[in-house]
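One letter stands for each residue in the lines below.
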Amino acid sequence: MDAQGLDWLLVPLHQLVSWGAAGAMVFGGVVPYIPQYRDIRRTQNAEGFSTYVCLVLLVANILRILFWFGRHFESPLLWQSIVMIVTMLLMLKLCTEVRVANELNVKRRFFSDVAADNKDEEVKVPPRRSYLDFDPHHFWHWSSFADYLQCVLAFTGIAGYITYLSIDSALFVETLGFLAVLTEAMLGVPQLYRNHRYQSTEGMSIKMVLMWTSGDTFKMAYFLLNGAPLQFSVCGLLQVMVDLAILAQAYAFSRHPPKPTPHAVHSTSAKAL
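Residues numbered from 1 in each chain as written. Predicted model: local features only at pLDDT ≥ 70, side-chain atom pairs only at ≥ 80, totals over all residues. Heavy atoms only, no water.

- The name recorded for the protein chain in an unreviewed UniProt entry is Solute carrier family 66 member 2, from Myotis lucifugus.

See the structure below:
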C-alpha cells in the first residue's frame, strides 16, 4: 500500500499528535504545582513554597502576552501564559490565606499565655501589611490576596499602556519578548546560587528538578520544531542548562557530608518546593 493510501490514517494521527503536543504545552507547566497546592491545603503550611516563584512567573507571562500583540506566535504558547497566570493567582490566594491564618493563631496563643499572667493586657492581632503601604520591607508579603491582585493589575496596566504606545517599534517588541522568556528562564538561578552558597542541596526536591528538566527540554524542542521566535529557543536552552547545573550540584554534593543550613532557609525557586 503506497503512502497516499495511508493518508486516511496518517493525517488524523499527525493531527492527534499535534493536539497532544499543544495540550502538553498549555497545561504541562502547571502540573508540578498541583501536588504543591494539595500539600499546602492538607498541611495548612505554606512555608516550603516561595511566593516569589509566583511573582516571577506572573511577570514573565504577562510580558509574554503583551509580546503576542506585537508579534503573534503559536496559540498554545499564548494559552500557556493565561493558564499559568491563573494557576499562580490560585497559589498566591492559598498561600496568603494559610500564612495569615497561621500568623494570627501564633499571635493569639502568645497573647493568651501573656493574658493568663496579666489579665489587663490587651490581646493584639498581627499588623495588616498592605500593597498601598509601599513598604519595600514587606513587598510581596502582604496580608490579603486583594493586595497581590491589585499589584498584578497595576503592573499589567502600566506595562500594557507602555506596550500600546510602543507597539510599532520592532526593537521594543523584540526586547519585550526577550524580557518575558528571560525572566522565566531565571527561575532556577536563585536555587543554583543557594546550593553553591551552602554547598548543599538539602531540602531541595530532586523530583521537582527532574520534572522541570524534562518539561524545559520538551518546551525547547517545541519551540524549535514550531518555529517560535528566537527569544523562546535561546531562553529555553538557558532553562535546560540551569536545570542540568542544579542536577550536577545535587550529584556533586551527595558525595560529601551535607553541611548544616540555617533553619529558616527555604527554597526560593520553583525548582525546590
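**Remarks on the packing of aromatic side chains**
And step 1. This model, assessed by the stated rule, comprises six aromatic pairs.
And step 2. With centroids separated by 6.0 Å and ring planes inclined at 40°, the aromatic side chains of Phe139 and Trp140 adopt a geometry described as tilted.
And step 3. Both rings, one in Trp142 and one in Tyr148, keep their centres 5.1 Å apart while their planes meet at 55°; by these two values the pair is tilted.
And step 4. Taking relative accessible area as the criterion, Trp142 reaches 3% and is therefore assigned buried.
And step 5. Residue classification places Tyr148 among the buried positions, given a relative accessible area of 0%.
And step 6. In textbook terms, an aromatic cluster arises when at least three aromatic residues are bridged by ring pairs, as seen for Phe139, Trp140, Trp142 and Tyr148. (Phe/Tyr/Trp six-rings, centres within 6.5 Å; stacked < 30°, edge-to-face > 60°. Buried < 20%, exposed > 50% of the residue type's maximum accessible area, 1.4 Å probe, protein only.)

**Remarks on empty space enclosed by the protein**
Taking a probe equal in size to a water molecule and rolling it over the atoms shows the remaining empty space.
And step 1. Per the counting criterion, the structure on display carries one cavity of 30 Å³ or more.
And step 2. If you add up the space inside the largest cavity, you get close to 50 Å³.
And step 3. The wall of the largest cavity is formed by Arg64, Val181, Glu184, Lys219, Phe223, Phe232, Cys235, Gly236 and Gln239.
And step 4. When contributions to the lining of the largest cavity are tallied by element, the ones reaching two or more residues are helix H6 (170–185), helix H8 (206–225) and helix H9 (230–254).
And step 5. It is H9 that contributes the most residues to the lining of the largest cavity, four residues altogether.
And step 6. Counted by class, the lining of the largest cavity contains four nonpolar, two polar and three charged residues. (1 Å grid on protein atoms, 1.4 Å probe; cavity = no way out; pocket = protein on both sides within 12 Å on 5 of 7 lines; lining within 4 Å. Points joined across faces, edges and corners; volume = space filled by probe spheres on them. Helix = DSSP H or I, 4+ residues; strand = E, 2+ residues; numbered from the N terminus. Nonpolar A, V, L, I, M, F, W, Y, C, P; charged D, E, K, R; others polar.)

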